[in-house]
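# Notes for the structure review
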Amino acid sequence: MTRPSSANPFPSPPGARAYALRTARGEFAVVDAPVAAGVEPRGVALLLPGFTGSKEDFHRLHEPLAARGYRSIAVDGRGQNESDGPAEDEAPYAQAELARDVLAQAAALGSPVHLVGHSLGGQIARAAVLLDHSPFVSFTLVSSGPAEISESQKQRVKLLHDALAVMSMTEVWGAILAMGPPEEVGGPARGFGKLDQMRLRWLNHKPAQLLATGRQLCVEPDRVAELAAVPLPLHVLSGARDDTWPVPLLDAMAVDLRAHRTVVPRAEHSPNLDKPLPTAHALADFWDRRADERG
C-alpha cells in the first residue's frame, strides 16, 4: 500500500526508522522511534495526523518520548502522503473504514498502545475506540473537538473542495500558496520541513481522501457521550488558541469526558509542531500516571 521510493524525501528523526507497516488491511507508511538506549520501556504510542497532514507532523515528539521510555509510531493513513489509496473512489475513506485501518495498525504492533489523534486524526481515532477499545490503554485527543469544525474552517474546506473539482493537485497547491498558509486546510503546516517537502506531501495525498475526510470534518456528529462511556483513560490536549475548535469548547468536552486536560501555552492548533517538548512531556506525564495507577 505504501509507495516505494529510491530516496526518502522525508528523512526520519534521529534513531527512528521509516518503513511499511504490514497489517490485515494493507501496508501503511510509518515512522517508528524506539525507546532511547538505557531507558526502561514504559509503553507504545500510535500517532495519527490531521487533515492534509502526515506522520512527519510528529517528528519533533519522537526524541523526547523516547527519552521518557515510550516507543512512538506515527502513521500516514490511507491516501495520506506515503500511504497509498484510490485517487477517485471515496468509499474506502469513509470514517468507519479509516477507523478499521487504525484497529489493524494497532493489532500489527502487537502490544496495547496509547492512541493519539491530532484534529481529523482524533475523530478517526475516536471512531476506532468506539468500534473496539480493547487494543488501547489510553486515548488522547490533540486539538480535536466534539463535533464538526468551526464555520470559518468549513469555508476553507469548501474552497478546497471547489478547487479540487476543477483543478489538478499541482494547480491547487499554487492557489494555496497564493492565499497564504492556512493551517490544516490545504496549506503547509507551520514547522514542518521545507517548502519542497510540503509540496511533495501535498501532491502525494489522494484527492478522494481529501474530499471524503474534509466532508467528514464538516458534518461530524457529537459523540462525546458515547466516548465518555468507554472505559479508557482520556486526555484532551490543545494549544492555548485554536480556530478549528475554540479552546472553551475543548475545555467543556474534557469536563464531559471526565478527561485529563492539558493546554500548551503559546501553541495553536498543532501543539506537536508549535511546542513539541511540552507537548511530549504532557503526553508522557499522562501515560506515566496511567501506568502508575495500573501498577
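Just so you know, these numbers come straight off a predicted model, no measurement behind them.

### Some remarks on the overall build of the chain
Of regular secondary structure, the chain possesses eleven helices and eight strands. Its C-alpha atoms give the chain a radius of gyration of 18 Å, within 12% of the compact-globule value 19 Å for 295 residues. Overall size of the chain, expressed as C-alpha extent along the three principal axes, is 55 × 45 × 35 Å. Burial statistics for the chain: of 295 residues in total, 57% are counted as buried. By sequence separation, contacts in the chain at least 24 residues apart represent 77% of the contacts at least 6 residues apart.

### What to know about helix α7 (residues 207-219)
Over its 13 residues, α7 extends 19 Å from the first C-alpha to the last, a length consistent with the 18 Å expected when each residue adds 1.5 Å. Within α7, burial applies to A208, Q209, L210, L211, A212, T213, G214, Q216 and L217.

### Concerning the packing of helix α2 (residues 95-109) against helix α3 (residues 120-131)
Packing of α2 against α3 brings their axes to within 8 Å, and their N-to-C directions diverge by 75°. In terms of orientation, α2 lies roughly perpendicular with respect to α3. Across the interface between the two elements, Q95, A96, L98, A99, R100, V102 and L103 of α2 pack against Q123, I124, A127, A128 and L131 of α3.

### What to know about the nonpolar core
L46, L115, F136, F139 and L257 are the most contacted members of the largest nonpolar core, which has 57 residues in total. Ignoring sequence-local partners within four residues, the contact set of L115 consists of L46, L48, V102, A125, V129, F136, S138, F139 and T140. Formed by 18 residues, the second largest nonpolar core is a distinct cluster that contains Y70, V116, A267 and F286.

### Some remarks on the packing of aromatic side chains
Tallied over the entire structure, the rule returns one aromatic pair. When the ring centre of Y19 is taken as reference, the NZ or CZ atom of R17 above it lies at 4.0 Å.

### Digging into the pairing of strand β7 (residues 234-239)
Buried residues dominate β7, accounting for six of its six residues. Where burial is concerned, the two faces of β7 agree: the one with L234, V236 and S238 and the one with H235, L237 and G239 are both buried. Examined bridge by bridge, strand β6 (residues 136-142) and β7 share four bridges and lie parallel to one another. Looking at β7, one finds that T140 is bridged to H235. Here β7 pairs with strand β8 (residues 260-264) via five bridges, running parallel. Bridging across to β8, S238 finds its partner in V263. In this fold, β7 hands off to helix α9 (residues 247-257), which returns the chain to β8; that crossover is right-handed.

### What to know about the environment of P49
Relative to the elements of secondary structure, P49 occurs in the loop between β3 (43-48) and α1 (59-67). Among the residues examined, P49 registers a relative accessible area of 5% and is labelled buried. Taking the C-alpha atoms as reference points, P49 and G15, 34 residues apart in sequence, are found 21 Å from one another. Setting aside anything within four residues of it in sequence, one finds P49 in contact with S54, K55, D57, F58, V75, Q80, H118, L120 and G121.

Thresholds applied
- Residues numbered from 1 in each chain as written.
- Predicted model: local features only at pLDDT ≥ 70, side-chain atom pairs only at ≥ 80, totals over all residues.
- Heavy atoms only, no water.
- Helix = DSSP H or I, 4+ residues; strand = E, 2+ residues; numbered from the N terminus.
- Rg over C-alpha atoms; globule rule 2.2 N^0.38 Å.
- Buried < 20%, exposed > 50% of the residue type's maximum accessible area, 1.4 Å probe, protein only.
- Contact = heavy atoms within 4.5 Å.
- Expected span 1.5 Å × (residues − 1).
- Axes fitted to C-alpha atoms, helices over the stretch in contact; angles between N-to-C directions.
- Parallel < 35°, antiparallel > 145°, perpendicular 65-115°, else oblique.
- Core = buried A, V, L, I, M, F, W, Y, C linked by side-chain atoms within 4.5 Å.
- Phe/Tyr/Trp six-rings, centres within 6.5 Å; stacked < 30°, edge-to-face > 60°.
- Lys NZ or Arg CZ within 6 Å of the ring centre and 35° of its normal.
- Pairing = 2+ DSSP bridges.
- Right-handed = clockwise from strand over helix to strand, strands pointing away.

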